[in-house]
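# Per-entry structural report
These are the residues of each chain, in order.
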Amino acid sequence: MPGKGKHRRPRTNPITRGFVAAGTGGAAIAIPLIGATGAHAAEQAAPSVAPERTVSAAHAAPAAQTAKQAATAKTVKTYSVKAGDYLAKIAATQKVSGGWHKLYKDNREAVGDDPSLIHPGLKLTIGAKGKASSEGKAEATPKKKPAPAKPAPAEPAPKADTTSANEPAAQSSGSGYTAPVDGATTTAYRAAGGSWSSGYHTGVDFAAASGTTVKAVGPGTVVSAGWSGSYGNEVVIKHDDGQYSQYAHLSSLGVSAGQTVAGGDQIGLSGSTGNSTGPHLHFEIRTGPSYGSDVDPLAYLREHGVSI
């Protein structure tokens, strides 16, 4: 018999119960739990992104610095000066932007006050300003000689001397004397002309390309080695017989004042410094160390057994 008079309690749907639980008190628990879980997840997710950015930035800075250093290294190099070099030549062959003026400015500390005084072995920085090494620098810096009492005349470009241009190179003698360079003479001693204040050429010129080895003609002591106005870079040597020899327009110097030399020793390299219109060697023999005391240089060499 159907339950007559009995009240049947309706079966509660589990889903409804779940909502009821949520509505009667579970909400206070369930909702915060859901919120807490989301917040915790956010905290876990955030560090996974931030450190990655930090690490990336940390790696990016050294990488950029390394790239910059590598680029600089490619543009900067060191050049070792060779015999016959001068700043304009080096700037041209090494394609220095700004020419020899820029090269000299970047290497002023190593080269010194006179840009024409460079020597084999000197290290120059090419491509960027830096301290160039003076490795191989002469033991003593050549002292500059005061300008001659009388203004020295400008040297014209070497002219061919028909009496000697075709002569063979002079040979060394058994007396310890030799010619200053292995080359023929050009402008003769006492050649007349308005180019010289004295009215004549006070020495003899030898054909010599820039960078040609210049030798002491005989044994003696270096009196001066440095800049001398119109003569450019010059060396003056007092010989054992009391006479003096002068070597002018040098591109570089290889000796210093007070140094003892023997005949044939290298004292510098030929060039075109001072008042000169082309590379050559101006050579004089003097009775004193200064301009105005000249004697015939070829006659002097011949007296000492030099075939010239």
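In case you missed it, the structure is sitting above this.
Read on for an overview of the structure. (Residues numbered from 1 in each chain as written. Predicted model: local features only at pLDDT ≥ 70, side-chain atom pairs only at ≥ 80, totals over all residues. Heavy atoms only, no water.)

## Looking at the packing of aromatic side chains
Operational definition: Aromatic rings from Phe, Tyr and Trp, with only the six-membered ring used for Trp, were paired whenever their centres fell within 6.5 Å, and each pair was classed as stacked if the ring planes differed by under 30 degrees, edge-to-face if by over 60, and tilted otherwise. Strands here mean DSSP runs of E at least two residues long; helices mean DSSP runs of H or I at least four residues long; both are numbered from the N terminus. Each residue's exposure class comes from its accessible area (1.4 Å probe, protein chains only) as a fraction of the maximum for that residue type: buried when under 20%, exposed when over 50%, partly exposed otherwise.
Scanning all chains against the criterion turns up four aromatic pairs. Their ring planes at 70° and their centres at 6.3 Å tell us that F206 and F283 sit as a pair that is edge-to-face. Placement of F206 in strand 3 (residues 204-206) and of F283 in strand 10 (residues 281-286) is noted, with a sequence separation of 77 residues between them. F206 gets classed as buried once you look at its relative accessible area, which sits at 0%. Centre to centre, the rings of Y247 and F283 are 5.4 Å apart; their planes meet at 50°, and the pair counts as tilted. With Y247 in strand 7 (residues 244-253) and F283 in strand 10, the pair connects residues that are 36 residues apart, well separated along the chain. Put simply, the rings of F206, Y247 and F283 pair up and form one aromatic cluster.

## Quick notes on the pairing of strand 10
Defined as follows: Pairing between two strands requires that DSSP report at least two bridges joining them.
Strand 10 sits mainly inside the fold: six of its six residues count as buried. Sheet topology note: the strand 3/strand 10 ladder contains three bridges and is antiparallel. Residue pairing across strands places V204 opposite F283, the latter belonging to strand 10. Strand direction decides the pairing type here: strand 7 and strand 10, joined by five bridges, are antiparallel. In the sheet register, A248 faces strand 10, and the bridge partner there is H282.

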